[in-house]
Structures are given as structure tokens and as C-alpha cells.
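One letter stands for each residue in the lines below.
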Amino acid sequence: MEKEPLRALINVAQLLKEPVGSNQSYDISEVIDEEVECFVEGKAKLIHISQGVLVQCKLTAEVKLICSRCLDTFLLPISFTAEEEFIPISDVSGDLALSSPEQSEEFIIDNKNILDLSELIRQYTLLNLPMKPLCRPDCSGIN
Ligand SMILES: [Zn+2]
């Protein structure tokens, strides 16, 4: 498998010109190689809403984890859904950024109408990982 950096940039200029409620679907196939190594596949639906774009993803991933008992590496298949609103950066005013720093990591659509799904995929993948991964339910640990 070729390793490509996670890069899921989608140009939503056309979608934003269409009436609210319009939607487009995309196939996702990405490799994450940061805190965890995994291959993510799935579908994303982008819906034009009044504030920006609502992204709904249905994803499956194979994550390379280390068993918390025997310390062996194993592959864990997970599947999950993600849903976030992306807001055009022009609507994120300086006031908002100053008054609420915790919102500065909001998902945004940049001034070239590019929406980046990679951060969404990365965050939700990490969110869906088990706290104490086990290579199998009855792993007996290091002998
Ligand atoms: Zn184990």
C-alpha cells in the first residue's frame, strides 16, 4: 500500500452556488499516519445549509494498534459516522475568534471555497479508538 498523506480537500464553490438543501457525495479513501496508522474508507455527503456546508460521513477504518496486554501489534477494524458543519471563513469574524478561543478550531471553508475533510476524519477516527485495545477479547497478556 502506497502511503499518501491524509488529504481530503473538496472544492465546494459549486455546491455553495446551488440552493440550500442541495447535496453532493464523495468517496473517501485516505491514509492516516500520525498518532495511529490506518486506512480509512467511506462516503461523505456534503449538504448546503444556510450557515455553510453540513458534512455527513460513513467511514470504516483498519487501525494498527498495540494490544494493551501483550503489546503485540494488531489491526482493528472500526466503523463510525461523523457529522460536522463547515462554515465559510469569511463568516468567522475576528470578534468571534477573539472572544472564544476554543472555537478557533472550528471546521472552516477557506477563502478559495476549499473544505478539508482530513481533520474531521482524523478526529473522529481517534475518538472511536478503544482506550485499552486488546488483540482479542481473551488475550492472556505477556507470558
Ligand atoms: Zn494481546
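Residues numbered from 1 in each chain as written. Predicted model: local features only at pLDDT ≥ 70, side-chain atom pairs only at ≥ 80, totals over all residues. Heavy atoms only, no water.

Trainee: Could you clarify how one ought to interpret the overall build of the protein in this entry?
Mentor: Counting its regular elements, the protein contains three helices and seven strands. Taken from the N to the C terminus, the helices and strands of the protein come in the order β-α-β-β-β-β-α-β-β-α. Pairs at least 24 apart in sequence give 56% of the contacts found in the protein among residues at least 6 apart. Carbon and sulfur atoms make up 50% of the accessible area of the protein, which totals about 9,000 Å². (Helix = DSSP H or I, 4+ residues; strand = E, 2+ residues; numbered from the N terminus. Contact = heavy atoms within 4.5 Å. Areas by Shrake-Rupley, 256 points an atom, 1.4 Å probe, with all protein chains shown as cover.)

Trainee: Mind showing me how you'd approach the environment of S79 here?
Mentor: Note on placement: S79 falls in strand 5 (residues 73-88). Along the primary structure S79 and N128 are separated by 49 residues, whereas in three dimensions their C-alpha atoms are 8.3 Å apart. Contact partners of S79, with chain neighbours within four places excluded, come to L59 and T60.

Trainee: I tried to follow the coordination of the zinc ion on my own but got confused; where do I start?
Mentor: Put simply, a metal with four donors set out as a tetrahedron has ideal angles of 109.5 degrees, and one with six donors set out as an octahedron has ideal angles of 90 or 180 degrees. Looking at the zinc ion, one finds its protein donor set to be C67 (SG), C70 (SG), C135 (SG) and C139 (SG), positioned 2.3 Å from the metal centre. Relative to the metal, the four donor atoms surrounding the zinc ion lie at angles of 105 to 113 degrees, and the coordination shape comes out tetrahedral. Mapped onto the polypeptide sequence, the residues donating to the zinc ion form the spacing pattern C-x2-C-x64-C-x3-C. (Donors = N, O, S within 2.8 Å, 3.2 Å for Na, K, Ca; no water. Tetrahedral: all angles 85-135°; square planar, octahedral: opposite > 155°, others 65-115°.)

Trainee: Teacher, can you tell me more about the packing of aromatic side chains here?
Mentor: For any pair of aromatic rings, the description rests on two quantities: the centre-to-centre distance and the angle between the ring planes. One pass over the full model with this rule turns up one aromatic pair. Geometrically, the ring pair formed by F86 and F107 is tilted, given 5.1 Å between the ring centres and 35 degrees between the ring planes. With a gap of 21 residues between them, F86 in strand 5 and F107 in the loop between helix 2 (94-99) and strand 6 (108-109) connect regions that are remote in the sequence. Residue classification places F107 among the buried positions, given a relative accessible area of 10%. (Phe/Tyr/Trp six-rings, centres within 6.5 Å; stacked < 30°, edge-to-face > 60°. Buried < 20%, exposed > 50% of the residue type's maximum accessible area, 1.4 Å probe, protein only.)

Trainee: Got a minute to help me understand the nonpolar core in this structure?
Mentor: In this structure, L46, V55, L115, L117 and L120 are the most contacted members of the largest nonpolar core, which totals 34 residues. For this core, the secondary-structure elements that each account for two or more residues are strand 2 (23-33), strand 3 (37-49), strand 4 (52-66), strand 5 and helix 3 (118-127). For this core, the element with the most residues is strand 4, which contributes seven residues. With near-sequence residues (within four places) excluded, L117 lies in contact with A8, I10, I28, A44, V55 and F86. (Core = buried A, V, L, I, M, F, W, Y, C linked by side-chain atoms within 4.5 Å.)

Trainee: Sorry if this is basic, but what is going on with a nonpolar patch on the surface here?
Mentor: A cluster of nonpolar side chains, I66, L71 and I142, forms an exposed patch at the surface whose accessible area comes to about 320 Å². Along the chain, the position of I142 falls in the segment after helix 3. (Patch = residues over 30% accessible without salt bridge, like charges linked within 9 Å, V, L, I, M, F, W, Y side chains within 5 Å. Salt bridge = Lys/Arg side-chain N within 4 Å of Asp/Glu carboxyl O.)

Trainee: What is the right way to read the environment of T60 from this model?
Mentor: Inspection of the secondary structure assignment puts T60 in strand 4. With relative accessibility at 41%, the residue T60 sits in the partly exposed group. For the pair T60 and F39, spaced 21 residues apart in sequence, the C-alpha separation works out to 8.4 Å.

Trainee: So what exactly am I meant to see when it comes to helix 3 here?
Mentor: Side chains three or four residues apart in an α-helix point the same way, a direct result of the helix having 3.6 residues per turn. Among all positions of helix 3, only S118, L120, I121, R122, Y124 and T125 are buried. Next to the buried residues of helix 3 lie strand 2, strand 3, strand 4, strand 5 and strand 7 (114-116).

None of the figures reported here should be taken as evidence of function without further support.
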